[in-house]
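Secondary and tertiary structure notes
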Amino acid sequence: KLSNDSHKLPFGCLVFNHQDCHYDRVDANGHNNIKHRFLDVYLKTYSTLKKATLTHNIDKIIYVVGSDSMNSEWTGMTTKGTPQQNICTHEEAFNQISSHHVDIVHMLRQYSDNVEVIYVEGNHDQMVGFYMVKFLQAIFRNELDVVVNSNTFPTKYVQYKDSLMMFNHGDCIKPEKLVAMFPIGAKEQWSSSEFYYIFTGDKHHSYTKDFNGIKFFQLPALANSSSAWEIKNGHSGSKPEMQTFLIQGQEGIKNIFCEIIQ
């Protein structure tokens, strides 16, 4: 997992926050090969790992799952009941998307002995996302290098050295309120941290703001499909993109790797 010169490199944590993948959503433009979607994300994840290991020893990887990885619940609708168009049946989508996540975790394990999989519920797949992360938890239950956080609380906090991170899908709580919640929700880690980051998704486009030292990142969607509703309402202009964050101890975010999803 480490090169011969690895002892010369600083340690870092990679944050793979795959928001709004909507892997099984029907694309109104006809690009509906779900396996091509998996392959593109897999290869872009691999590319990011290779780049990160040129500059750092990766002693921790955070991998966020859920967050609208699937396009709908078993009902064919979002959790709140909005009808969706899906490429395949719920059973087929669950099987293929779960297997894709297993493949990603296996790859991440080749680059770090400390992989933490975190479930962050979305608004399209709140229930099925939970079943998916429990499936991952069962698959990796005997692996010492993989920890799966399947807690259903919608906001998660993770500390890496001097950096404290907050994860939330961003569908219900506005950025200002997340900022206000942060020091209360993570009060035990707050005073021992120097850098503070909030990561969300949901809106399908990138937005960043510094709230007096708390840096807020709204991540773009990974979904490379556009629904008829998005096209009709002019919401299909943002490019699907994978943003991965490299955090170094005592220095915070050192790099943001950006990969356009085709």
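Everything numeric in this text was worked out from a predicted model, so none of it was measured.

Let us now look at the nonpolar core. Counting 24 residues, the largest nonpolar core has Leu14, Leu49, Ile61, Tyr63, Leu108 and Val117 as the members making the most contacts within it. Among the elements of the structure, β1 (11-17), α1 (34-52), β2 (57-66), α2 (90-109), β3 (115-120), α3 (126-139) and β4 (146-149) are those that each provide at least two residues to this core. The element best represented in this core is α2, accounting for five residues. Of all hydrophobic cores here, the second largest spans 16 residues; its members include Met165, Phe167, Phe199 and Phe245.

As a further point, take the packing of α2 against α3. Running from N to C, α2 and α3 cross one another at 45°; their axes reach a closest spacing of 10 Å. The angle between α2 and α3 falls in the class oblique. Considering how the two elements wind past one another, α2 and α3 form a crossing that is right-handed. Along the contact surface, α2 presents His90, Phe94, Ile97, Ser98, His101 and Val102, while α3 presents Val128, Tyr131, Met132, Phe135, Leu136 and Ile139. Of the residues in the contact of α2 with α3, the class split is nine nonpolar, three polar and no charged.

Before going further, it helps to spend a moment on the pattern of salt bridges. Scanning the model with the defined rule gives eight salt bridges in all. For aspartate 40, the salt bridge goes to lysine 44, with nearest N and O atoms at 3.0 Å. Placement of the pair is aspartate 40 and lysine 44 together in helix α1, with a separation of four residues, close to one helical turn. A residue is classified by how much of its surface remains accessible, and lysine 44, at 14% relative accessible area, is buried. Through salt bridges that share partners, Arg109, Glu143 and Asp145 make up one connected network.

Rules used in this analysis
- Residue indices begin from 1 for each chain and proceed along its sequence in written order.
- For a predicted model such as this one, the threshold for reporting local features is a pLDDT of at least 70, and the threshold for listing and counting side-chain atom pairs is 80 or more; totals across whole chains, interfaces and linings nevertheless cover every residue.
- Derived side-chain values reflect all non-hydrogen atoms in the structure, with water molecules and hydrogen atoms excluded from consideration.
- To form a nonpolar core, buried Ala, Val, Leu, Ile, Met, Phe, Trp, Tyr and Cys residues must be joined to one another through side-chain atoms within 4.5 Å.
- Exposed residues in this analysis have more than 50% of their type's maximum accessible area, buried residues have under 20%, and partly exposed residues fall in between, with area computed by a 1.4 Å probe over protein chains only.
- Helix numbering and strand numbering both begin at the N terminus, where a helix is a DSSP run of H or I of at least 4 residues and a strand a DSSP run of E of at least 2.
- Axes here mean lines fitted to C-alpha atoms, for a helix over just the part in contact, with angles spanning 0 to 180 degrees between N-to-C directions.
- Any angle from 65 to 115 degrees is called roughly perpendicular, while one under 35 is roughly parallel, one over 145 is roughly antiparallel, and all others are oblique.
- Two helices that cross are described as forming a left-handed crossing if the nearer one is turned anticlockwise from the farther one by less than a right angle, and a right-handed crossing if clockwise.
- Residue contacts follow a heavy-atom distance rule, with two residues in contact if any of their heavy atoms lie within 4.5 Å.
- The nonpolar class holds Ala, Val, Leu, Ile, Met, Phe, Trp, Tyr, Cys and Pro. Asp, Glu, Lys and Arg form the charged class, and all remaining residues, Gly among them, are polar.
- When a carboxyl oxygen of Asp or Glu lies within 4 Å of a side-chain nitrogen of Lys or Arg, that pair is called a salt bridge.

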